[in-house]
Amino acid sequence: MSFVGYKPERLLIKNLSKDQSLGNIRLNFNAMLKEAVVVGQRAYYKVDRQILIPTHAQREISNNGLTLMRNMQLSRIKINPLDNSISTQNSEAVVLQINGVSAQAAEIAAIPSKSIVRIEYNDAPGLRYDAGAVINFIVKQRESGGYVMANGMQTLSNKCIKRYGATSGYNWGKSQLIFTTDYTENRALWIRDNQYQYTLPDKKVLRTETGIPTLYNDKTLNTSLKYVLQDADKYMFSITLRDSYNHVPNQFSDRQGTVNMSSNTTGVTSFKDLSSWRGNTPSIDVYFQRNLKNDQLILFDVVGTYIKSNNTHTYTESSANEALLSDIYSHINGKKYSLIAEGIYEKKFNKKGILNAGIHYQQSYTKNEYTGDVKSNVNLRFSESYLFQEYRFIMSKWDFKVGLREKDLYYGQQDSHTGTFSIQPTWQLKYAISDHSFIRYSGSVSNNAPDLADLNNTEQALDTWQVQRGNPALKNYKLTYQDLTMEYNRKLWGIELYSYYSYFHHPIMASIFYENGKFVNMNENQKAKHQFEIETTLTLRPLKDYISINVTPGINRFISYGNTYTHEYTNLYIRGSLLANYKRFFLYAQMNTRNNFLGGETIEYTEKSHSITAGYNAPKWSLSMGM
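Scope of this entry: the structure provided in the associated data block. Sequence positions are assigned chain by chain, starting from 1 and proceeding in written order. Thresholds applied to this predicted model are a pLDDT of at least 70 for local features of residues and 80 or more for the giving and counting of side-chain atom pairs; totals over whole chains, interfaces and linings are not thresholded and use all residues. Remark: hydrogens and water are excluded; side-chain values derive from all non-hydrogen atoms of the structure.

### Side note on the overall build of the protein chain
For clarity, the cut-off: What counts as a helix is a DSSP run of H or I of at least four residues, what counts as a strand is a run of E of at least two, and both are numbered from the N terminus. The cut-offs for exposure are 20% and 50% of the maximum accessible area for each residue type, with area from a 1.4 Å probe on protein chains only; residues under the lower value are buried, those over the upper are exposed, and the others partly exposed. The contact criterion used is simple: two residues touch if any of their non-hydrogen atoms lie within 4.5 Å. Here the Shrake-Rupley method, with its probe set to 1.4 Å, supplies the accessible areas, and only the displayed protein chains count as covering residues. Neither His nor the chain termini are counted; the positive set is Lys and Arg, and the negative set is Asp and Glu. In this description, the location of a charge corresponds to atom NZ of lysine, CZ of arginine, CG of aspartate or CD of glutamate.
Looking only at helices and strands, the protein chain features three helices and 38 strands. Here the C-alpha coordinates of the protein chain stretch approximately 120 × 55 × 45 Å along the principal axes. The 627 residues of the protein chain split such that 43% are buried. Across the protein chain, every contact between residues at least 6 apart in sequence was considered, and the portion connecting residues at least 24 apart equals 59%. Accessible area of the protein chain: about 34100 Å², with a carbon and sulfur share of 57%. Here the protein chain contributes 70 positively and 56 negatively charged side chains, and the mean placements of these two sets differ by 10 Å.

Structure follows, in structure tokens:
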């Protein structure tokens, strides 16, 4: 006789010919019993996603869903340590989910790491999602009890960065109620130096701006209240109320200082370019999913949003004797109403295939009232609707997916309107070389609409020399996208090769031209744009779960063919991270060089950053410091 935790016993029974009672048998406790740990694969691949299982060490040093995701070092996913924003390496949107239901980053940060069973990562989400990746947190379903969690971050330097959050959840039966709030403030004094070269019809003028300390101040308060009713094998219903309040009394683009012009007609002048923004965005999200017989499911999701905003911009420039050379003021009072609704059907065919089909509808109405130097009322109407069908066929180690989206776009302004219809295909071919490696090729053709903010017919002065002009004549443009991914992962190391190529046909890019003594900035449909990127990620785990090193070098290549220009640009970059831990102590460091982008005639120089954080994570509290 044996039982876990006790020493085994043996009894010899002789001449047994009928049922016999042996009475009570006592087993002695085994004081020498050691801990038993079951270790499986930390990551494995399913048909449409990668399954990531947190290790014991990763759970020990993570205090919520976001830090757990960071510590698991997902490939091509960026987490900004200052504001918790999440994007792909190419700045594409990332859809976050909790048990398949859409969620915000603040809600992910409110999940205790010990409640997360696994993370499902899909970096090729297909037609159902208009995003670069989908990250789904599978969380244990509680039936009783609740929790309260609070977190905060405060800088000790003169650059004030604050982030405070709190969440509480309560469970009863199949129901759960979750309240989340989070406040972020970024405040800093910094200096901007700028140089402009204006090519006029008869001469070139060089404008040099020497900056002085200027305040940047951005405050955001997010709150949400979510109710979930769930039976894991049958259905899920959730309703979420959200509100986001953003107040930016001093915008990121603000600058002030002195100006020296090469023409020297006015001598050294002083200027101030200041803007403020205030916006409030309440929304409601209703989600329902029903699991049907024979591996089928249907789901419906409806999101209604209202945005109210106020934006103010002032620009003044004065000569040395305080004579006013330029005085610009504009104010925009905006309102936007939007409704997004979708229904999706899914059917699995005996592990040989998956069918997804659905309908998506989006309607918005935007009203902007311009006052100040420019007085105008802009009313924009936009709608997008499409059907999609996607079928995935699985045969042995091969996985083939093909999809089709039939999209109808409509947008109008005042008495003018336009609409387009397009058919957009997608495809993907994947081969599983082994349980640890695969190769995947995918592509798509899409039809993209202009940004509503660019379709207005209003002109605004930016400074003494420049104006911004809307363009109601903008048209949709076509994007052809292809990527190739190869991965190989073992316990102690892994390597990934990722590359993609994008071709934009008649893309919307900026034009800058001279007119009536001013330089006009206006978006137009240009000829073409090419973008190519290749990167390699090497992951090393030399001490198993104690140290993990991730290094990614890459190269970006851009070619812009404008109506009046051609530009080429190449950018080399590298990013990396290091995670070291011992019991509940951890050290995390990350760095990235600039990952710059060329669009039209403008190169956007992104931030280069380095950070290091050390801390201790106890079962019910954690403390860390970093720089």
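### Some thoughts on a nonpolar patch on the surface
Cut-off, in case you're wondering: The patches described consist of residues with a relative accessible area above 30% and no salt bridge, like charges being joined within 9 Å and nonpolar side chains (Val, Leu, Ile, Met, Phe, Trp, Tyr) within 5 Å. A side-chain nitrogen of Lys or Arg and a carboxyl oxygen of Asp or Glu constitute a salt bridge if their distance falls within 4 Å.
A surface patch of nonpolar side chains, about 930 Å² in accessible area, is lined by Phe349, Tyr391, Phe393, Met395, Trp398, Phe400, Val402, Leu429, Tyr441, Leu484 and Met486. Breaking the nonpolar patch down by element, the ones donating at least two residues are β21 (376-395), β22 (398-413) and β27 (477-489). Of note, Tyr441 is situated in strand β24 (residues 437-448).

### Looking at empty space enclosed by the protein
For clarity, the threshold we go by: Here a cavity denotes a set of grid points, spaced 1 Å apart and computed over the protein atoms alone, in which a 1.4 Å probe fits but from which it cannot get out, and a pocket denotes an open set meeting protein on both sides within 12 Å along at least five of seven lines; residues with an atom within 4 Å of a point are reported as lining. Grid points are joined across faces, edges and corners, and a volume is the space filled by probe spheres set on the points.
Counting across every chain of the model gives two cavities of 30 Å³ or more. The computed volume of the largest cavity comes to approximately 390 Å³. Every residue lining the largest cavity is counted, 25 residues in all, and those nearest its centre are Ile98, Asn99, Val139, Gln176 and Ile178. Mapped by element, the contributors of at least two residues to the lining of the largest cavity are β10 (160-172), β11 (175-190) and β14 (214-231). Among the elements that make up the lining of the largest cavity, the one with the highest residue count is β11 (four residues).

### Describing the pairing of strand β29 (residues 508-515)
To keep things clear, this is the line we draw: Two strands qualify as a pair provided DSSP detects at least 2 bridges between them.
Note that β29 and strand β30 (residues 518-525) share eight bridges and pair antiparallel. Paired with Ser511 across the two strands is Met522, which belongs to β30. Counted between consecutive antiparallel strands, the loop separating β29 from β30 contains two residues, among which Asn516 sits at a positive phi close to 55°.

### Notes on the sheet that holds β30
Each strand in a sheet pairs with its neighbour through backbone hydrogen bonds, running either in the same direction (parallel) or in the opposite one (antiparallel). Convention followed: Here the axes come from fitting lines to C-alpha atoms, over the contacting stretch only for helices, and the angles between their N-to-C directions go from 0 to 180 degrees.
The four strands lie next to each other as β25-β26-β30-β29, forming an open sheet whose pairing is mixed. The open sheet is flanked by β25 (459-461) and β29, the only strands paired with a single partner. Here the average twist between neighbouring strands, direction ignored, is 25°.

### Overview of the packing of aromatic side chains
Quick note on the threshold: By convention, a stacked pair of Phe, Tyr or Trp rings (six-membered ring in the case of Trp) has centres within 6.5 Å and planes under 30 degrees apart, an edge-to-face pair has planes over 60 apart, and any other such pair is tilted. Charge-over-ring contacts are defined here by two conditions on Lys NZ or Arg CZ: a distance within 6 Å of the ring centre and an angle within 35 degrees of the ring normal.
On inspection of all chains with the given rule, the structure shows 23 aromatic pairs. For the pair Phe349 and Tyr391, a centre-to-centre distance of 6.3 Å together with 55° between the ring planes defines the contact as tilted. Placement of the pair is Phe349 in the loop between β19 (324-348) and β20 (353-372) and Tyr391 in strand β21, with a sequence separation of 42 residues. Above the plane of the ring of Tyr588 lies Arg70, whose end atom (NZ or CZ) is 4.3 Å from the centre. Between the NZ or CZ atom of Arg76 and the centre of the ring of Tyr498, over which it lies, the distance is 4.1 Å.

### What about the side chain of Arg255?
Which entries qualify depends on this criterion: For the purposes of these results, a polar contact is taken to be a pair of N or O atoms within 3.5 Å, where, inside protein, one atom must be able to donate a hydrogen and its partner to accept one; residues adjacent in sequence count only when each atom of the pair is a side-chain atom.
Inspection of the secondary structure puts Arg255 in strand β16 (residues 255-261). Engagement of the side chain of Arg255 in a polar contact is seen with the side chain of Tyr196, the distance being 3.5 Å. Looking at Arg255, its side chain comes within polar contact range of the side chain of Glu209, at 2.9 Å.

### Overview of the pattern of salt bridges
What the rule picks out here adds up to 20 salt bridges. Two residues, Arg469 and Glu515, come together in a salt bridge whose shortest N-O distance is 2.6 Å. One end of the pair, Arg469, is in strand β26 (residues 466-469); the other, Glu515, is in strand β29, with 46 residues separating them in the sequence. By relative accessible area, Glu515 is classed as partly exposed at 29%.

### Concerning the nonpolar core
The condition is simple: In plain words, nonpolar cores are sets of buried Ala, Val, Leu, Ile, Met, Phe, Trp, Tyr and Cys residues tied together by side-chain atoms within 4.5 Å.
In this structure, Met69, Ile77, Ile135 and Phe137 are the most contacted members of the largest nonpolar core, which totals 23 residues. Put simply, the parts of the chain that give this core at least two residues each are α2 (65-71), β3 (77-79), β5 (94-98), β7 (116-122) and β8 (133-139). Sorting elements by how many residues they give to this core places β8 first, with four residues. Look past the residues within four positions of Met69 in its chain and what remains in contact with it is Leu74, Ile79, Ile86, Ile119, Ile135 and Phe137.

### Digging into the environment of Lys7
Tracing the sequence through the fold places Lys7 in the segment before β1 (43-45). Separated by 378 residues in the primary sequence, Lys7 and Ser385 have C-alpha atoms spaced 68 Å apart. Excluding anything up to four places from it in sequence, Lys7 contacts Leu27, Asn28, Phe29 and Asn30.

### Details of unusual backbone geometry
If you check the backbone angles, Asn15 has positive phi at about 50° while not being a glycine. When you line up the elements, Asn15 lands in the segment before β1. Unusually for a residue other than glycine, His506 sits at a positive phi of about 55°. Note on placement: His506 falls in the loop between β28 (493-505) and β29.

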